[in-house]
Amino acid sequence: MRIAAIFNVIIGILFLQFLLIPIVYGGEIKGLIKKYNSANITDRRVIIRSLKYEKDESLFQFFAEAADDNDPIIRKHAFEGIGNFKGEPALQILKKSLKDQSPDVVINSIPLFKRFSSNESLPLLLQLLKNKNSSILSTAIDALGDAGNKDTCFYIVSFLNKPDEHVRKSAYLNTGKLLQKFGDMFVKGIDADYDKKIKHEAVKETYRLIGIFVPSFKKTWTDSKTIQKVSLWCLGIFADIFIDRLSTYLMFEEDEALLNIAQKAYEELISIAPILTASFNNAEYENLIWHILSLLKKFKTRDAMPIFIRGLDDASFLIRAASIEGLIALENNDLIEKVKSLLNDPADMVKIRVIEYIEKMGTTEDAESLIPLLDNKNEQVKWRAVKALGMIGNDKSINVLISLLDSDSALIRSVSAQSLGNLGSIEAVNPLVRTMDDESYLVREQIAFAMGRFDNKDAFNAVVKLFMDDNVYVRRSAFNSLFSVLKNSKEAENRHRVLSLIKAAVSDKDSNIKKKALAYMHGK
């Protein structure tokens with residue numbers, strides 16, 4: 001009790017001292033600096049802590065001198081004060097913070113370099129990767145994740161197998177962060193058909209990066225739940241950026257040398273898939289199982305098929321949904337009846353995935369199983385079912401979709417109009433014409449789209465009318481449909497009228513419509 005009371009008194013004195021500084025010393029910077037020079041260590045810490053928030057140019061020299069103080073707490077505050085300033089003088093003083101004897105001073109100073117350009121800060125931050133202090137290392141890696149460039153990936157990825165878990169975690173997080181920002185640069189280089197040298201370098205860099213990442217992942221990903229989480233997240237980014245791109249590249253590249261390097265990169269990355277498949281049976285918690293399923297979906301490995309099938313009966317709706325996604329990725333339609341049985345699943349997310357599966361793998365006969373979902377209370381389920389009917393629906397779907405043009409939901413009305421357009425049944429024209437004055441522009445926009453699918457006088461007149469709509473999105477949709485009419489209509493009069501509208505559109509007030517009209521007229 002006595003110790004606690006003494007501690008509270010000390011804190012109270014320091015707090016009051018901090019509050020009273022502006023009063024006691026008149027709130028003037030010069031007065032505070034004068035007091036600082038004659039104060040004891042406690043007062044000096046309080047004074048510099050209050051001054052470090054000021055951006056007054058007159059403080060620069062004060063902070064510069066304080067950065068050489070014997071007390072690490074004062075040096076820490078002094079460097080923070082210098083961090084308020086930009087330019088070479090400030091950078092030169094901050095450089096000293098990275099070599100400070102106190103790890104706390106170094107760690108506290110690293111984020112200050114974000115205020116400088118990458119060209120100024122990167123070389124200094126990269127030097128810190130040689131530091132043996134794990135806290136400094138992980139902080140430096142975090143800063144490089146913010147300030148780094150594409151090449152920084154190669155530095156950070158090399159820390160994935162370091163002994164300290166905090167360093168490994170930072171390395172995974174910031175490798176992923178940098179790839180999210182600069183992954184396109186690898187891909188664009190791979191696609192650089194215009195320059196073989198750039199292409200060759202990009203393929204080699206991709207192989208090099210994957211060659212560092214994969215062995216480290218295999219060695220460390222099971223270390224702890226924390227590492228599992230961040231490593232699988234990082235692997236997902238690698239998969240998103242490289243798997244499909246390399247797979248496509250292998251089909252079209254003619255240069256044998258480049259083909260061999262790309263093949264090695266691809267095989268190295270997908271060599272992780274069997275490890276994930278084997279680990280599925282031992283996964284102890286739902287989030288890990290979900291991550292593994294999501295990654296196996298991206299890898300599109302056939303060996304994962306039994307896992308996806310088993311996942312359809314899992315107690316977790318997340319696992320059931322992810323398993324259906326996996327079957328979609330593998331383009332497996334052998335399980336259509338099993339998957340369709342999940343249309344009665346209590347989880348809406350699972351229903352939505354089933355709808356997606358049926359849309360991509362099903363037939364017009366399978367579409368009938370979606371019709372009961374049109375009464376579902378969840379609008380997400382309902383509109384996805386409507387959309388799917390527009391892709392694989394049959395004649396039985398037409399009347400159902402027409403009836404939905406009277407739905408209370410603008411979203412359902414708009415998707416129904418879109419689906420009717422996709423199905424292209426002439427029965428839909430009159431109901432769509434009756435609906436084209438709908439209060440929602442979303443509905444009118446999709447009706448404009450749908451009408452372009454019919455070679456019909458009423459449909460054509462509707463397109464022309466909707467092109468005069470007050471809403472720009474409706475007009476753009478109708479303008480696109482005019483091109484469909486021009487291409488498909490058998491009526492010479494309709495085509496002539498469309499050409500007149502396109503010609504007039506070169507001076508349209510909407511830049512999008514004007515651009516398309518000009519492009520057509522110039523290319524005609």
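Up top you'll find the structure we're talking about.
Because the structure is predicted, anything quoted here is derived from the model rather than measured. Think of each chain on its own: its residues are numbered from 1, step by step along the sequence as written. A pLDDT threshold of at least 70 governs which residues receive local features in this predicted model, and a stricter bar of 80 or more applies before side-chain atom pairs are shown or counted, although totals over entire chains, interfaces and linings include all residues. Only hydrogens and water are set aside when side-chain values are computed; all heavy atoms of the structure are taken into account.

Structural notes on the packing of aromatic side chains
Centres within 6.5 Å make a pair out of two Phe, Tyr or Trp rings, where for Trp the six-membered ring is used; the pair is then stacked when the planes are under 30 degrees apart, edge-to-face when over 60, and tilted otherwise. This model, assessed by the stated rule, comprises 15 aromatic pairs. Centroid distance Phe186 to Phe242: 5.9 Å. Interplanar angle 75°. Geometry classified as edge-to-face. Taken as a pair, Phe186 in helix H11 (residues 165-190) and Phe242 in helix H13 (residues 225-252) lie far apart in primary sequence, 56 residues in all. An identical accessibility class is assigned to Phe186 and Phe242; each is buried. Relative to Trp221, the ring of Phe217 has its centre 5.5 Å away and its plane inclined at 10°; by these criteria the two rings are stacked. Here Phe217 falls in the buried class, since its relative accessible area comes to 0%. Among the aromatic residues, ring-to-ring pairing joins Phe154, Tyr172, Phe186, Phe213, Phe217, Trp221, Phe238 and Phe242 into one connected group. Secondary structure is summarised from DSSP: a helix means a run of H or I of at least four residues, a strand means a run of E of at least two, and numbering begins at the N terminus for each. Buried means the residue's accessible area, taken with a 1.4 Å probe over protein chains only, is under 20% of the maximum for its type, while exposed means over 50%, and partly exposed covers the values in between.

With respect to the state of the cysteines
Here is the idea: a disulfide is a covalent bond, and it sits between the sulfur atoms of two cysteines. Throughout, a disulfide means two cysteine sulfur atoms within 2.5 Å of one another. For the structure shown, the criterion picks out zero disulfides. Residue Cys153 stays outside any disulfide, its sulfur separated by 9.1 Å from that of Cys234, the closest cysteine. Overall, Cys153 belongs to the buried group, its relative accessible area being 0%. The class for Cys234 is buried, based on a relative accessible area of 0%.

Some remarks on the layout of surface pockets
There is about 160 Å³ of room inside the second largest pocket. The leading source of residues in the lining of the second largest pocket is helix H16 (residues 286-299), at six residues. Polar here means any residue other than Ala, Val, Leu, Ile, Met, Phe, Trp, Tyr, Cys and Pro, which are nonpolar, and Asp, Glu, Lys and Arg, which are charged; Gly is therefore polar. Looking at the lining of the second largest pocket residue by residue, the class counts come to five nonpolar, three polar and four charged. A 1.4 Å probe that fits but cannot get out identifies a cavity on a 1 Å grid over protein atoms alone, an open set with protein on both sides within 12 Å along at least five of seven lines counts as a pocket, and a residue lines either if it has an atom within 4 Å of a point. Grid points are joined across faces, edges and corners, and a volume is the space filled by probe spheres set on the points.

A short note on helix H9 (residues 134-147)
Helical periodicity: at 3.6 residues per turn, an α-helix aligns residues three or four positions apart in one direction. Given a rise of 1.5 Å per residue, 14 residues ought to cover 20 Å, and the 20 Å separating the end C-alpha atoms of H9 matches this to within 8%. Residues of H9 that are buried include every one of Ile136, Leu137, Ser138, Thr139, Ala140, Ile141, Ala143, Leu144, Gly145 and Ala147, and no others. Pairs of residues are marked as contacts when any of their non-hydrogen atoms sit within 4.5 Å. As for H9, its buried residues are in contact with helix H7 (103-109), helix H8 (118-127), helix H10 (152-157) and H11. Capping the start of H9 is the job of one residue whose side-chain oxygen sits 2.9 Å from the backbone nitrogen of Ser135: Asn133. Multiply 1.5 Å by the residue count of a helix minus one, and that product is the helix's expected span. Side-chain atoms alone can form a polar contact between residues adjacent in sequence; in general such a contact is a pair of N or O atoms within 3.5 Å, and within protein one must be able to donate a hydrogen while the other accepts it.

Details of the nonpolar core
Here, nonpolar core means buried Ala, Val, Leu, Ile, Met, Phe, Trp, Tyr and Cys residues that are tied together by side-chain atoms lying within 4.5 Å of each other. Ranked by internal contacts, the top residues of the largest apolar core, which has 171 residues, are Phe213, Phe242, Leu276 and Leu432. Excluding residues within four positions of it along the chain, Phe213 makes contact with Val157, Leu160, Tyr172, Cys234, Leu235, Phe238 and Ile272.

Looking at the side chain of Ser419
In this fold, Ser419 is placed in helix H24 (residues 410-423). Ignoring any residue separated from it by four or fewer positions in sequence, one finds Ser419 in contact with Val386, Lys387, Gly390 and Leu401.

Let's talk about the pattern of salt bridges
Salt bridge, as used here, is a side-chain nitrogen of Lys or Arg placed within 4 Å of a carboxyl oxygen of Asp or Glu. Under the criterion given, the structure shown has 30 salt bridges. Residues Asp146 and Lys177 are paired through a salt bridge, measuring 3.2 Å at the closest nitrogen-oxygen approach. Of this pair, Asp146 sits in helix H9 while Lys177 sits in helix H11, and the two are 31 residues apart along the sequence. Residue Lys177 is classed as partly exposed on the basis of its relative accessible area of 29%. One salt bridge in this structure joins Asp437 and Lys465, with 3.4 Å as the shortest N-O distance. Of this pair, Asp437 sits in the loop between helix H25 (429-435) and helix H26 (441-451) while Lys465 sits in helix H27 (residues 457-467), placing them 28 residues apart in sequence. For Asp437, a relative accessible area of 57% gives the class exposed. Each of Lys297, Glu325, Arg353, Glu356 and Arg384 takes part in one network of salt bridges that share partners.

Brief notes about unusual backbone geometry
Its identity is not glycine, yet Lys300 carries a phi of approximately 55°, on the positive side. Counting through the fold element by element, Lys300 comes out in the loop between H16 and helix H17 (305-311). Residue classification places Lys300 among the partly exposed residues on the basis of a relative accessible area of 42%. Even without a glycine there, the phi angle at Glu331 is positive, about 55°. One can find Glu331 in the loop between helix H18 (317-329) and helix H19 (336-340). Looking at Glu331, the relative accessible area reads 61%, which means it is exposed.

Any link to function would need more than the numbers given here.
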